[in-house]
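A structural walkthrough
Residue-level listing of the chains:
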Amino acid sequence: MTGKVGHASIQMTDDMNGSSIGKDKNNHPRGATVSFHNISYKVQLKSGLLCKRKTNTKEILNDLKFLDILAARKDPAGLSGEILIDGAPQPPNFKCISGYVVQDDVVMGTLTVRENFQFSAALRLPKTVSEREKEAKVNQVIKELGLTKVADSKVGTQLIRGVSGGERKRTNIGMELIIDPPVLFLDEPTTGLDASTANSVLLLLKKMSNSGRTIILSIHQPRYSIYRLFDSLTLLSSGNLVYHGPAQNALDYFKNIGYTCDPYNNPADFFLDVINGDSTAVIMNKINEMEDLDSVERKASFQNIEGQLAEAYCNSTYYENTKADLEKIAQGKLYNTRPISRKITYSTSFFHQLKWVSKRTFRNLMLNPQTSVAQIGVTVFLALIVGAIFFGIKDDESGIQNRVGALFFVVTNQCFSTVSAAELFITERKIFIHEYISGYYRLSVYFLSKIMADILTLRTVPSIFFTCVVYFMIGLKNTVSAFFIFMFTITLVSYTATAMTLAISADQSVVAVANIFMTISFVFMMWILVNMISPRHKSLNCIFSGLLVNLPSIMNWLAWFKYLSIPRYGLTALQVNEFVGLDFCKNSSTSSVPPGDNINCSVSSPFVMCTGEQFLQRQGIEATEWGLWENHLALAIMTLIFLAIAYLKLRFMKKFS
């Protein structure tokens, strides 16, 4: 039984208004009362082709409630009605001060249970709370949830063995309990748990409710031992309310309207069968009538059953009692029928958030071997391959061809190695959305921390290793300045390619799709680069065994694309850095053949060019300081533009369900 249309929703509550579990009649502390008044929710559905697209309005909820709406985590567009907390209007930042445990795990698996709680406490508790008080709160939650034995164990990932499923679910609950929320919402907390573990989690929630916490949850087909823990039950059918009242009275209610639960049948299963028209009571009553009905008529008959259930509830004493309680709560209140505005508030400053989010991000990268150690290992391996292919190039006529080929492959490697950045905002999307709308941190904080962690650990460090290996194996210009300019250039190429990857993947939800877009982009850039260079430099055609074709008719209208090519700027800068000052004819006795016109792919040409400056001139490259640094400037500007695009995509990404 879920909170979705066409199913039922079970809530752990204690009054007719909709929410608290703690019951006054048993002398338990009472939590906050959540009441919902005339709630309706509509969505806009688009259909048809782009040029003839139609927009239809579909009513999801009709004059009642929904878990995400009560928790203020639904898009307010299309929402009408009023939600009150203890009789007062729901504050705009309610989602930041209430607790919401989503169905999927949203804790960092590489951190321990205690570290996850410390992260929540550091960002969600105000700075007026001392570090000692925060630590005491963490210890209190650990003890309350029965996590003492695993407090210092990692939660676990696909590669790291962690705590059990029940302990993981309790860790998710604990992340919300840190702030002592007035209301705790849970979306199917038993998902993925076995029957015994699910029962223990619900027993824990019942214990918490008896201590004065207001708990509202949806749950999927609970066993009877779980069902009997509920105080209040809410059942929905096709967006309409068919029952809301004491959970223990629900069977008698349905019996009175003609639906009797078979002995030993689970009440939760029975309610779902009745709503879907599958119960024995429904079938036995209708079997004679349905023998001659086709599938369409039978479906209409079941829809009629749903209408009868909704009408029966509206005529029941439970409805009248609920209505009276709601009128008493709302007495003197002005209803807001317009969409409720949503606001995210933060308990800590920008730099405090940046410190903690960056700390967690770096730690997560370091504890993920597939993203840290493997990245450096693959980089070193590729550097050895490139270094072995172009090992020990000489300063003669073959040196030009070998240098261009080596630099081309270096730039290509730096571009394609950044494809791994496509998953930066995808793998943790659920965690980010949950924490962002819960008020953990600002979007800018999350963005900066992820960028810094990725650039420093996965781009800068591998680029340094790559330079140290490949530069000396190939035997490039033996000067300190040339070495560091080479390192700076390929690092900047990596930054720019990473930024473009993030700009493309920021709004994607599947890594494979983002990788396809990235591969197409880089291949196109390489094609542009090769076709810009190969007509003037035949040696690059030699690298690919003469398979490159000069397409002047196409290049005329594609020429402007060169200004968008990341590898073009990188290769140009590397060529200026490497070729300026080199002499390729000092050991040659002939020098009369026009440069660049006598290169043969199978036989080394005795004459190409005598100096590196002549080669650069042949390529149309300025052999000046500005000819070098203008490429770095272009790469820096492209990096900033791509990062801005990525940030804007995250900013306007749909974050409400």
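On a predicted model such as this, the values are computed, not experimentally measured, just so you know.

**Looking at the UniProt feature "transmembrane region" (unreviewed entry) in the protein chain**
- Here, UniProt's "transmembrane region" (unreviewed entry) annotation points to residues 373-393, 405-426, 446-474, 481-504, 510-530, 542-561 and 632-650.
- Segment residues 373-393 splits into 81% helix and 0% strand. End C-alpha atoms: 31 Å apart.
- Secondary structure within residues 405-426 divides into 55% helix and 0% strand; the distance between the first and last C-alpha atoms comes to 35 Å.

**Details of the side chain of N199**
- Within the secondary structure layout, N199 lies in helix 6 (residues 195-210).
- A relative accessible area of 16% means that N199 is categorised as buried.
- Here the side chain of N199 touches S225 through a polar contact of 3.1 Å, side chain to side chain.
- Contacts of N199, omitting those with residues within four sequence positions, involve R223, S225 and I226.

**A few points about the packing of helix 15 (residues 397-416) against helix 17 (residues 443-474)**
- Remark: helix 15 packs on helix 17, axes separated minimally by 12 Å, with the N-to-C direction vectors making an angle of 165°. Between helix 15 and helix 17, the angle falls in the class roughly antiparallel. As helix 15 runs across helix 17, the sense of the crossing is right-handed. Contacts from A406, V410, N413 and Q414 of helix 15 reach helix 17 at S463, F466 and I474.
- Looking at side-chain class alone, the contact of helix 15 with helix 17 contains four nonpolar, three polar and no charged residues.

**Quick notes on helix 14 (residues 373-389)**
- For helix 14, spanning 17 residues, the distance from its first C-alpha to its last is 25 Å, which sits close to the expected 24 Å at 1.5 Å a residue.
- Taken together, the buried positions of helix 14 are Q375, T379, A383, V386 and G387. Down the axis, helix 14 shows its buried residues gathered within 100° of arc, on one side only. Away from its buried face by more than 90 degrees, helix 14 exposes V373, F381, A388 and I389.
- On its buried face, helix 14 is in contact with helix 15 and helix 17.

**Here we look at the sheet that holds strand 6 (residues 183-187)**
- Pairing in this open sheet of three strands is parallel, and the strands run 5-6-7 from one edge to the other. A strand with exactly one partner marks an edge of an open sheet, and here the two such strands are strand 5 (99-101) and strand 7 (214-218). Pairwise comparison of adjacent strand axes, ignoring direction, gives a mean angle of 15° for this sheet.
- Looking at chain direction, strand 5 and strand 6 are connected through three bridges and run parallel. Residue Y100 lies in a different strand from strand 6, and its bridge partner there is F185.
- Sheet strands touched by helix 5 (residues 165-177): strand 5 and strand 6. Its angle to strand 5, the strand with the most contacts, is close to 165°.
- Each of strand 6 and strand 7 touches helix 6; the most contacted strand, strand 7, lies at about 150° to it.

**Quick look at the nonpolar core**
- By size, the foremost hydrophobic cluster in this structure holds 136 residues, and its most contacted members are F117, I173 and F254.
- The biggest single contributor to this core is helix 18 (residues 480-505), with 14 residues.
- If sequence neighbours within four positions are ignored, I173 has contacts with V101, L145, L184, L186, V201, L205 and M208.
- Judged by nonpolar contacts, the second largest core, of 15 residues, contains L70, I85, F94 and Y100.

**Here we look at a nonpolar patch on the surface**
- On the surface, F488, W626, W629, L633, I637, I641 and I645 cluster together into a nonpolar patch covering about 680 Å² of accessible area.
- Considering every element that reaches the nonpolar patch, the biggest residue donor is helix 24 (residues 625-651), with six residues.
- Examined against the element boundaries, F488 turns out to sit in helix 18.
- In this structure F488 comes out as partly exposed when scored by relative accessible area, which is 40%.

**Brief notes about the packing of aromatic side chains**
- Under the definition given, this model contains 32 aromatic pairs.
- Arranged with centres 5.2 Å apart and planes meeting at 90°, the rings of F350 and F351 form a pair that is edge-to-face.
- The class for F351 is exposed, based on a relative accessible area of 65%.
- With centroids separated by 5.6 Å and ring planes inclined at 55°, the aromatic side chains of F416 and F522 adopt a geometry described as tilted. With F416 in helix 15 and F522 in helix 19 (residues 511-533), this pair connects stretches of sequence that are 106 residues apart.
- On the basis of relative accessibility, which here comes to 30%, the residue F416 falls in the partly exposed class.
- A residue is classified by how much of its surface remains accessible, and F522, at 0% relative accessible area, is buried.
- By the ring-pair criterion, three or more aromatic residues cluster together here, those being Y224, Y227, F230, Y243, Y253, F254, F270, F271, Y313, Y318 and Y319.

Cut-offs and rules
- Residue indices follow the written sequence of each chain, beginning from 1 at its first position.
- Given that the model is predicted, a residue must reach a pLDDT of at least 70 before its local features are reported, and side-chain atom pairs must reach 80 or more before they are shown or counted; all residues, however, enter totals for whole chains, interfaces and linings.
- With hydrogens and water excluded, all non-hydrogen atoms of the structure serve as input to the side-chain values.
- UniProt positions are given in the numbering used here, feature names are shortened, and annotations may be inferred rather than shown by experiment.
- Going along the chain from the N terminus, every DSSP run of H or I of four or more residues is numbered as a helix, and every run of E of two or more is numbered as a strand.
- Accessible area is worked out with a 1.4 Å probe on protein chains only. A residue is then buried under 20% of its type maximum, exposed over 50%, and partly exposed in between.
- Any pair of nitrogen or oxygen atoms within 3.5 Å is treated as a polar contact; in protein, a donor-acceptor pairing is required on top of that, and neighbouring residues in sequence qualify only through side-chain atoms on both sides.
- Two residues form a contact once any of their heavy atoms are found within 4.5 Å.
- Only the stretch in contact is used when fitting a helix axis, every axis being a line fitted to C-alpha atoms; angles between N-to-C directions are given from 0 to 180 degrees.
- These descriptions rest on fixed angle ranges, namely under 35 degrees for roughly parallel, over 145 for roughly antiparallel, 65 to 115 for roughly perpendicular, and the rest for oblique.
- Take the far helix as your reference; a near helix turned counterclockwise from it by less than a right angle gives a left-handed crossing, and one turned clockwise gives a right-handed crossing.
- All amino acids are sorted into three groups, where Ala, Val, Leu, Ile, Met, Phe, Trp, Tyr, Cys and Pro are nonpolar, Asp, Glu, Lys and Arg are charged, and the leftover types, Gly among them, are polar.
- For a helix, the expected span equals 1.5 Å multiplied by the number of residues minus one.
- Within this analysis, the arc is defined by the directions that extend from the helix axis to the C-beta atoms.
- Here a strand pair is declared whenever DSSP counts at least two bridges between the two strands.
- We call a set of buried residues a nonpolar core when its members are Ala, Val, Leu, Ile, Met, Phe, Trp, Tyr or Cys and they connect through side-chain atoms within 4.5 Å of each other.
- By definition, no residue in a patch forms a salt bridge, and every one has over 30% relative accessible area; like charges are joined within 9 Å, nonpolar side chains (Val, Leu, Ile, Met, Phe, Trp, Tyr) within 5 Å.
- Exposure was quantified through the Shrake-Rupley algorithm and a 1.4 Å probe, taking into account, for residues, occlusion by the shown protein chains and nothing else.
- The rule for a salt bridge is simple: a side-chain nitrogen of Lys or Arg has to be within 4 Å of a carboxyl oxygen of Asp or Glu.
- Pairs were defined over the aromatic rings of Phe, Tyr and Trp, the Trp ring being its six-membered one, requiring ring centres within 6.5 Å. Orientation was assigned from the angle between planes: stacked under 30 degrees, edge-to-face over 60, tilted for the rest.

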